[in-house]
Amino acid sequence: MRASFGLGLVVVAVASTAFAHKPTVTTFTYNHDIFPIFEAKCGSCHRSGGVAPMSLLTYKEAFPWGVSIKNEVLDLAMPPWFADERYGEFKHGAGLSAKEMDTIVDWCLGGSPEGETPVGTSPSSYVNWPLGEPELILMMPSPMVLDAATSETIQELTFETGLAEPVYLRALDFQPGAPNIVRSATITIRFGGRKQTIATWIPGQTPEALPEGRGRLIPVEAEVGLELHYKKTWLDEGSSVEDRSAVAIYLHDEDPGQLVETVEVTSTSAHTLEADAELVALLPRVDGDIEAVVAEVVRPDGSRERLLRLYHPNSEWPRKYWLVKPIALPAGSRVEVTATAPEGATPVVLVDLIS
Amino acid sequence: MKTARIVMFLAFATVQALPATAKPQQHESAPTLAWTCPLHREVTESEEGQCPICERSLVPTLVQQAWSCPIHAVVSEDAAGACPICQRDLYLITEEIRFACPMHPEETSHEEGECSICHMALVASTSTRPHQDHNPKHGGMFFMAPDNWHHLEGTYPEGGVFRAYLFNNFSEPMNAKDFKGRAVLKEVFDTETKQTRELVAYPLLASADGAYLEAYVGSDTLPREITAKVQFERNGKFERFDFIFAELSEDLEVVTDATAVSSGELTVPENPNGIARAIADRNVLVRELVTSGAMTEIYLPALEAKDLAVALESHIEASPLETRQELQWAVKQLVRAAWLLDDYGDLGNREKVYAAYDMFDEAVETIQSVFR
Ligand SMILES: [Zn+2]
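Just so you know, these numbers come straight off a predicted model, no measurement behind them.

A few points about the overall build of chain A
Helix and strand content of chain A: four helices and 19 strands. Seen through its principal axes, chain A has C-alpha atoms that stretch 85 × 50 × 40 Å. A fraction of 82% describes how many contacts in chain A between residues 6 or more apart in sequence connect residues 24 or more apart. Entry remark: accessible area of chain A is about 15200 Å², with carbon and sulfur atoms responsible for 49%. Of the side-chain charges in chain A, 28 are positive and 48 negative, and the distance between the mean point of each set is 5 Å.

Here you go:
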């Protein structure tokens, strides 16, 4: 009997029951309860060829990760969405609901059963440019090579726009060339000796256009900067990977009339509005181990409103939070930022205002 | 409480599926034939016979040894070393090998062969034997170490004597001589240096046969609070386990009864105020268990409270607009805190349990402020 399983005869595909630890039986199954959550909340990164080191879109791929999924979800580390539900309402919310969190953890600890009738486990289609064909595509002129010895790096490059006249930006989008190593991208514009971050991209992000009739002015002399954060997962360690990413630019045909401006607010420098304005989006930039960042507005009448609170934000996932309903602010309103952070770490919140 | 917990263990001995993943691995150690129970996969015997738990006839199975990570079960290596994902030490585990038809997953065998339906060759996959037994073996309190691998049971068998038994992830006893530790009776936390200073501690010494670590801890009053600090890896951190003994431990292995049935059903009140009250009731129980140090029992009322909170979620739409976001947050915080209490209670770490309980209590308070 044993002889037929001699050395090397058995090629084993490794998978296991993930050390089912807590003896709880779960009533949830992968096919019925878990797949829909993973597809909606994790699949943009955890799919084959995605930025994450493993796909979670089939039972076989997902269930050996049970312990780790439970840990990441309870740590609020995954999915990377750090906005506190109590404040503000944002588009494309990517956080887990209470029910989703509970379902996932229960399944992870309760034996991780597959369930009957596999649902269509083909990942939903990922459209090239969800906002449609861009007016302009800025392609990296040459591939960036992350060699075998490098696991992480930040690269900056500049595109000259060669504009003949000023243009009005409607939206920006980004497409990674090698989705398995591009963690995030930051798009800046530079002119008049100033560099301003206007957009960020992280995997799975839904691109967002400015509200109708609003645009961002790009002067003739401006350069577009692209900052790329490359990081390999353990799967790619030791191998060389090439990336050639692209930035998509969407433009208005003519001056839309109302312009967007971005102001920087930190805990030591608030921003006071000189004229009435509409607040459309907030882009926090953090570094280090930060417990919380809060952005608030104080109106001239002294009333205070919390716009956004990030809880344990991870700097690896810079995300712009777009308000579902832009907030109208009268002149004299003050936007403030407070942070619970170790000394030296100073979060910046970039606020998009339309006036 | 104890009986409730044991009943739950049995109800949950589940049979695990045996899938394959994309990373085929070949192992140098030859697979061997063993016998397991179709219902209790954690049973592995070297000979044919009956399941010690349910007396069913054992079925043949193929097992092999591999090195794996306690967190990352995808890892299966031929030799000891570090996990390629998280750098933790790998541990030797026994994997079960099954052969299944790629088209007809119900067609499985412990031998190579072909599918009786479509005649395709069966494909091998492995699974780890489930570990589902957190029952104390010596009448003490049973905790899991933060490495997700080691387990420790503390007992207070006679006045002034503390013992710690060590187990691996499959509840198999480990040799106490391979571990170092001390029993701490008194310590202070210095808020300025953020350091804990031990004032009274006794060494934990291995018994001659390596069955346990033991410390003489002075006087024999009851109840007794003892914190074991044990090092699992050479140069590793000393992990803490907080024990409270209300009485002397009796060295009885818990006898499991295979006919025991599932835990009680939770009745969810119909209206949100009723649910909120039921949550508050659970909070009282959780607080009592947290303060009395009954770590391994906290999860019962805590998980019930989070089930109630999840049921409350469907009522949020009907609550006043200005309270909805707050409630949404509170329900999620309660769910998260309850699972953390479950986790940390298992680890027997009082500091972590207290922190999770603060979150839990804050969430309950918020819910109370809306539904009274
Ligand atoms: Zn690992």
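Describing the coordination of the zinc ion
Taken together, C69(B) (SG), H72(B) (ND1), C83(B) (SG) and C86(B) (SG) make up the protein donors of the zinc ion, found 2.1 to 2.3 Å from the metal. Relative to the metal, the four donor atoms surrounding the zinc ion lie at angles of 106 to 112 degrees, and the coordination shape comes out tetrahedral.

What to know about the nonpolar core
With 98 residues, the main nonpolar core has F162(B), F360(B) and I367(B) as its most contacted residues. Here the element with the most residues in this core is helix α4 (residues 321-347) of chain B; it accounts for 13 residues.

Description of the confidence of the model for chain A
Residue and element names in this part refer to chain A. Summarising the model, chain A shows a mean pLDDT of 87, and 90% of its residues fall at 70 or more. Put simply, strand β1 (residues 11-13) is where chain A has its lowest mean pLDDT, 30, and strand β13 (residues 271-272) is where it has its highest, 97. Contacts for the low-pLDDT stretch residues 1-24, under 50 throughout, to residues beyond four places or in other chains number 106 contacts.

Digging into the packing of aromatic side chains
Aromatic rings considered in pairs are described by the distance between their centres and by the relative angle of their planes. Enumeration according to the criterion identifies 22 aromatic pairs over all chains in this entry. Relative to W201(A), the ring of F174(A) has its centre 4.8 Å away and its plane inclined at 45 degrees; by these criteria the two rings are tilted. Here W201(A) lies in strand β7 (residues 194-201) and F174(A) lies in strand β5 (residues 167-175), a separation of 27 residues in the sequence. Taken as a pair, F174(A) and W201(A) share a single burial class, namely buried. Taking the centre distance of 6.0 Å and the plane angle of 80 degrees together, the rings of F232(B) and F241(B) count as edge-to-face. Here the two residues F232(B) and F241(B) agree in accessibility, since each one is buried. In this structure, R86(A) packs its charged tip against the face of W329(B), placed 3.6 Å from the ring centre.

Quick word on helix α2 (residues 272-292) of chain B
All names here are of chain B. The end-to-end C-alpha distance of α2 is 30 Å, a good match for the 30 Å that 21 residues give at a rise of 1.5 Å each. The set of residues buried in α2 consists of P272, G274, I275, A276, A278, I279, R282, N283, V286, L289 and V290. Residues of α2 that are buried make contact with α3 (299-313), α4 and α5 (350-370). Backbone nitrogen of N273 and a side-chain oxygen of the N-cap are separated by 3.2 Å at the start of α2; the cap is N271. At the C-terminal side of α2, G293 shows a positive phi close to 80 degrees.

A word on unusual backbone geometry
M78(A) connects to P79(A) through a cis peptide bond whose omega is -10 degrees. Tracing the backbone shows P79(A) in the loop between α3 (66-74) and α4 (98-109). The residue after L222(B), namely P223(B), is reached through a cis peptide bond having omega -10 degrees. For P223(B), the position within the fold is in the loop between β12 (213-216) and β13 (224-231). Backbone geometry places N235(B), a non-glycine residue, at a positive phi of 65 degrees. Of the residues examined, N235(B) reaches a relative accessible area of 77% and is grouped as exposed.

Here we look at the pairing of strand β7 (residues 141-144) of chain B
All names here are of chain B. On β7, burial covers both faces: M141 and F143 on one face and F142 and M144 on the other are all buried. Here β7 runs beside strand β8 (residues 151-158); their pairing, made up of four bridges, is antiparallel. Bridge pairing in β8 links F142 to E153. Here β7 hands over to β8 after six residues, with N148 in that stretch at a positive phi of 65 degrees.

Some thoughts on the side chain of S68(B)
Secondary-structure assignment places S68(B) in strand β3 (residues 59-68). S68(B) gets classed as buried once you look at its relative accessible area, which sits at 1%.

Some details on the domain arrangement of chain B
Residue and element names in this part refer to chain B. Under the domain assignment used here, chain B contains domain 1 (1-130), domain 2 (141-245) and domain 3 (267-370). Each of domain 2 and domain 3 has a C-alpha centre, and the two are 30 Å apart. Taken together, the contact between domain 2 and domain 3 spans 13 residues of the former and 12 residues of the latter. Looking at the side of domain 2 facing domain 3, the largest losses of area belong to M144, R240 and D242, adding up to 45% of the total buried there. Two residues, E225 and R350, come together in a salt bridge whose shortest N-O distance is 3.1 Å. Taken together, the links from domain 2 to domain 3 amount to five residue pairs in polar contact (both at pLDDT 80 or more). Among the elements of the structure, β7 and β14 (238-245) are those that each provide at least two residues to the side of domain 2 that touches domain 3. Here the side of domain 2 that touches domain 3 gets five residues from one element, more than from any other, and that element is β14. Here the residues of the side of domain 2 that touches domain 3 are counted per class, giving nine nonpolar, one polar and three charged.

Re the pattern of salt bridges
Residue and element names in this part refer to chain A. According to the stated counting rule, one finds 33 salt bridges over all chains in the structure shown. A salt bridge links E316 to R183; the shortest N-O distance between them is 2.9 Å. Of this pair, E316 sits in the loop between β16 (304-311) and β17 (321-329) while R183 sits in strand β6 (residues 182-191), and the two are 133 residues apart along the sequence. Each of the two residues, E316 as well as R183, counts as buried.

Notes on the sheet that holds β6(A)
Residue and element names in this part refer to chain A. One open sheet holds the four strands; their spatial order is β4-β9-β6-β7, and the pairing between them is antiparallel. One side of each edge strand has no neighbouring strand; the edge strands of this open sheet are β4 (152-160) and β7. Geometrically, the sheet is characterised by an average inter-axis angle of 25 degrees between neighbouring strands, direction not taken into account. Pairing geometry for β6 and strand β9 (residues 223-231), over eight bridges, is antiparallel.

Calculation notes
- Each chain has its residues counted from 1, running along the sequence as written.
- The lettering of chains begins at A and the numbering of ligands begins at 1, in the order of writing.
- Predicted model: local features are reported for residues with pLDDT of at least 70 only, side-chain atom pairs are reported and counted for 80 or more only, and whole-chain, interface and lining totals are derived from all residues.
- Water and hydrogen atoms play no part in the side-chain values, which are based on all heavy atoms of the structure.
- Under the scheme used here, helices are H or I runs from DSSP no shorter than 4 residues and strands are E runs no shorter than 2 residues, and both carry numbers assigned from the N terminus.
- Note on contacts: a residue pair qualifies if any of its non-hydrogen atoms lie within 4.5 Å across the two residues.
- Per-residue and other accessible areas were derived by the Shrake-Rupley procedure at a 1.4 Å probe size, with only the shown protein chains allowed to occlude residues.
- Charged residues are defined here as Lys and Arg on the positive side and Asp and Glu on the negative side; His and the ends of the chain fall outside this count.
- Just so you know, the charge point we use is NZ for Lys, CZ for Arg, CG for Asp and CD for Glu.
- Only nitrogen, oxygen and sulfur atoms count as donors, using a 2.8 Å cut-off from the metal that widens to 3.2 Å for Na, K and Ca. Water is left out, so coordination shells may look unfilled.
- All geometry calls rest on donor angles, where a four-donor set with angles between 85 and 135 degrees is tetrahedral, four- and six-donor sets with opposite donors more than 155 degrees apart and all others between 65 and 115 are square planar and octahedral, and all else is irregular.
- Definition used in this section: a nonpolar core is a set of buried Ala, Val, Leu, Ile, Met, Phe, Trp, Tyr and Cys residues joined via side-chain atoms within 4.5 Å.
- Relative accessibility thresholds used throughout: buried, under 20% of the residue-type maximum; exposed, over 50%; partly exposed, between the two (1.4 Å probe, protein chains only).
- pLDDT is defined as a per-residue confidence score from the predictor, taking values between 0 and 100.
- A pair of aromatic rings is counted whenever rings of Phe, Tyr or Trp (Trp by its six-membered ring) have centres within 6.5 Å, and the orientation is called stacked for planes under 30 degrees apart, edge-to-face for over 60 and tilted otherwise.
- Geometrically, a charge over a ring is one whose NZ (Lys) or CZ (Arg) sits within 6 Å of the ring centre while staying within 35 degrees of the ring normal.
- An expected span of 1.5 Å times one less than the residue number is assigned to each helix.
- Residues adjacent in sequence count toward polar contacts only when both atoms are side-chain atoms; beyond that, a polar contact is any pair of N or O atoms within 3.5 Å, and within protein one must be able to donate a hydrogen and the other to accept it.
- Strand pairing is assigned whenever DSSP detects at least two bridges linking the two strands.
- Source of the domain bounds: an automatic or database domain assignment.
- Buried area: the accessible surface (1.4 Å probe) lost by two parts on joining, summed over both.
- Here a salt bridge means any side-chain nitrogen of Lys or Arg lying within 4 Å of a carboxyl oxygen belonging to Asp or Glu.
- Gly is put with the polar residues, along with every residue not named as nonpolar or charged; the nonpolar set is Ala, Val, Leu, Ile, Met, Phe, Trp, Tyr, Cys and Pro, and the charged set is Asp, Glu, Lys and Arg.
- Axis lines are fitted through C-alpha atoms, for helices just across the contact stretch, and the angle between N-to-C directions can take any value from 0 to 180 degrees.

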